[in-house]
Amino acid sequence: QVQLVESGGGLVQPGGSLRLSCAASGSILTTYAMGWYRQAPGEQRELVASLTSGGRANYADSVKGRFTISRDNAKNTVYLQMNSLKPEDTAVYYCNANIRISTTMKRSDYWGQGTQVTVSS
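Report follows, based on the coordinates. (Residues numbered from 1 in each chain as written. Predicted model: local features only at pLDDT ≥ 70, side-chain atom pairs only at ≥ 80, totals over all residues. Heavy atoms only, no water.)

Moving on to the packing of aromatic side chains. Pairs of aromatic rings are described using the distance from one ring centre to the other and the angle between the two planes. Enumeration over the complete set of coordinates arrives at one aromatic pair. With centroids separated by 5.0 Å and ring planes inclined at 65°, the aromatic side chains of Tyr 37 and Trp 111 adopt a geometry described as edge-to-face. Here Trp 111 lies in strand β10 (residues 108-111) and Tyr 37 lies in strand β4 (residues 30-39), a separation of 74 residues in the sequence. It is Arg 45 that lies over the ring of Tyr 94; its NZ or CZ is 3.7 Å from the centre. The ring centre of Trp 111 lies 4.8 Å from the NZ or CZ of Arg 45, which sits over that ring. (Phe/Tyr/Trp six-rings, centres within 6.5 Å; stacked < 30°, edge-to-face > 60°. Helix = DSSP H or I, 4+ residues; strand = E, 2+ residues; numbered from the N terminus. Lys NZ or Arg CZ within 6 Å of the ring centre and 35° of its normal.)

This brings us to the nonpolar core. Ranked by internal contacts, the top residues of the largest apolar core, which has 27 residues, are Trp 36, Val 48, Phe 67, Leu 80, Met 82 and Tyr 93. For this core, the secondary-structure elements that each account for two or more residues are β1 (2-7), β3 (18-26), β4, β5 (46-51), β7 (67-72), β8 (77-82), β9 (91-100) and β11 (115-119). Here this core takes five residues from β9, the largest share from any one element. Among all residues touching Val 48, those that are not within four sequence positions of it are Trp 36, Tyr 37, Arg 38, Asn 58, Tyr 59, Ala 60, Val 63, Phe 67, Leu 80 and Tyr 93. (Core = buried A, V, L, I, M, F, W, Y, C linked by side-chain atoms within 4.5 Å. Buried < 20%, exposed > 50% of the residue type's maximum accessible area, 1.4 Å probe, protein only. Contact = heavy atoms within 4.5 Å.)

On to the side chain of Glu 6. For Glu 6, the location among the structural elements is in strand β1. Buried Glu 6, no salt bridge; nearest opposite-charge side chain is Arg 45, N-O distance 7.8 Å. Separated by 3.4 Å, the side chain of Glu 6 and the backbone nitrogen of Gln 113 make a polar contact. A distance of 2.5 Å separates a polar atom in the side chain of Glu 6 from the backbone nitrogen of Gly 114. Not counting chain neighbours up to four residues away, the residues in contact with Glu 6 comprise Ser 21, Cys 22, Trp 36, Tyr 93, Tyr 94, Cys 95, Gly 112, Gln 113, Gly 114 and Thr 115. (Lys, Arg positive; Asp, Glu negative; His and termini not counted. Salt bridge = Lys/Arg side-chain N within 4 Å of Asp/Glu carboxyl O. Polar contact = N/O pair within 3.5 Å; in protein donor to acceptor, adjacent residues only side chain to side chain.)

Looking now at the environment of Ser 121. As for its placement among the helices and strands, Ser 121 is situated in the segment after β11. For the pair Ser 121 and Pro 14, spaced 107 residues apart in sequence, the C-alpha separation works out to 6.5 Å.

The next subject is unusual backbone geometry. Of note in the backbone geometry, Asn 76 takes a positive phi value of approximately 50° without being a glycine. By the secondary structure assignment, Asn 76 is in the loop between β7 and β8. Overall, Asn 76 belongs to the buried group, its relative accessible area being 18%. In this structure, Ser 84 takes a positive phi of about 50° despite not being glycine. By the secondary structure assignment, Ser 84 is in the loop between β8 and β9.

For the rest of this paragraph, the subject is the state of the cysteines. One pass over the structure, following the stated rule, counts one disulfide. A sulfur-sulfur separation of 2.1 Å characterises the disulfide bridge that pairs Cys 22 with Cys 95. The disulfide joining Cys 22 to Cys 95 has a torsion of about -80° about its S-S bond and is therefore left-handed. Remark: Cys 95 occurs in strand β9 and Cys 22 occurs in strand β3; sequence separation between them is 73 residues. Exposure class is identical for Cys 22 and Cys 95. Each is buried. (Disulfide = S-S within 2.5 Å.)

Just distances and angles here, no functional claims.
Set out below in structure tokens:
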């Protein structure tokens, strides 16, 4: 069993900041890439940012220069610092982690329950 628990969402005014956190727990052997996706109403889920265990980051063009992804490998936790937020950033944000739970099992993707981020005045 692996659980991803997110926190940090909420309501913020345009131009404001939020920091999302996601902690993975359970029977984890190795955590590979971790990242954040988002889904706005009526839209498909899209990648926001991802970060490999080695520190390589990838960002959606729409958030480059405004969002920063980081992780604490010892805590199996990934963060998303979101600055200069815009109304179009409004969505449910989901944490994702690629995890192996044993040497006999393949790596699998796990998802958090989602946290709402609303940017509005």
